[in-house]
Amino acid sequence: ADRAVLLKGEVTLDGLATAKALAEEIKAASPDLVLFGMKAVDDDQQQVGPMVAELLNLPCVTVVSEMELEGDKLECHREVEGGIEIVETPIPAVITITKGKYEPRYPSLKGIMAAKKNPLEEKPAQLGTSRVTVRELSYPPERPAGRIVGNGVDAVPELVRILHEEAKVI
């Protein structure tokens, strides 16, 4: 990267608050292409990229596994159940990328040293008021211990009886 900006602010699970702060910063740069990961590792909501696109009034293609620039259009491949969907969008655009061809690589030592020469600009994020708060986090209830009902084929009748009469799943 030639330039990096770190937006600092309160941690929020409100995707719209995060999207507004990012959109404000991105708008000033007016890039041709804005890349997001498919989802955040902390909340798994998959919403910030599409929200930024909406706030910037840009087209958005999500869950892209491969893409190719052809003139002023971007051809995006999305893996869908049973095949590949090919979507074309004009640029500028917002793309959310999934794992696959664009898996992040570890930088080389030379790349790390070169990156240290580029400044990291830090700015306060303009998040506004978060409308989502975490009230509680807890572990799931402990599961009861498993039990062995027999060995091999001889255990099948007892297992079927337990699933039918006790667990009531069949």
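Residues numbered from 1 in each chain as written. Predicted model: local features only at pLDDT ≥ 70, side-chain atom pairs only at ≥ 80, totals over all residues. Heavy atoms only, no water.

Draft legend 1. Just the overall build of the protein chain, in detail. Assigned secondary structure in the protein chain consists of four helices and seven strands. Start at the N end of the protein chain and walk to the C end: the helices and strands fall as β-α-β-α-β-β-β-β-α-β-α. Radius of gyration (C-alpha) of the protein chain: 24 Å, far over the 15 Å computed for a compact globule of 170 residues. Based on the C-alpha atoms only, the size of the protein chain along its principal axes is roughly 70 × 40 × 40 Å. Relative to its 170 residues, the protein chain shows a buried fraction of 20%. Within the protein chain, contacts between residues at least 6 apart in sequence are counted, and of these 62% link residues at least 24 apart. Only carbon and sulfur atoms are counted for the fraction: they give 55% of the accessible area of the protein chain, which is about 13300 Å². Within the protein chain, the 28 negative side-chain charges are centred at a point lying 5 Å from the centre of the 20 positive side-chain charges. (Helix = DSSP H or I, 4+ residues; strand = E, 2+ residues; numbered from the N terminus. Rg over C-alpha atoms; globule rule 2.2 N^0.38 Å. Buried < 20%, exposed > 50% of the residue type's maximum accessible area, 1.4 Å probe, protein only. Contact = heavy atoms within 4.5 Å. Areas by Shrake-Rupley, 256 points an atom, 1.4 Å probe, with all protein chains shown as cover. Lys, Arg positive; Asp, Glu negative; His and termini not counted. Charge placed at Lys NZ, Arg CZ, Asp CG, Glu CD.)

Draft legend 2. Geometry of the sheet that holds strand 2 (residues 33–37). Taken together, the five strands give an open sheet; going across it, the order is 2-6-3-4-5, and neighbouring strands pair in mixed fashion. Every other strand in the sheet has two partners, leaving strand 2 and strand 5 (83–90) as the edge strands with one partner each. Adjacent strand axes in the sheet meet at a mean angle of 40 degrees, parallel and antiparallel pairs treated alike. As paired elements, strand 4 (residues 73–80) and strand 5 share eight bridges and run antiparallel to each other. If you follow Glu79 over to strand 5, its bridge partner there is Ile84. (Pairing = 2+ DSSP bridges. Axes fitted to C-alpha atoms, helices over the stretch in contact; angles between N-to-C directions.)

Draft legend 3. Main features of the nonpolar core. One finds Ala19, Ala23, Ile26, Val34, Phe36, Val52, Ala53, Leu56 and Val94 forming the largest nonpolar core, which totals nine residues. Looking at this core, the elements that each hand over two or more residues are helix 1 (15–29), strand 2 and helix 2 (48–56). Residues within four places of Val52 in sequence aside, it is in contact with Ala19, Leu22, Ala23, Ile26 and Phe36. Residues Val61, Met67, Leu74 and Ile97 belong to the second largest nonpolar core, which totals seven residues. (Core = buried A, V, L, I, M, F, W, Y, C linked by side-chain atoms within 4.5 Å.)

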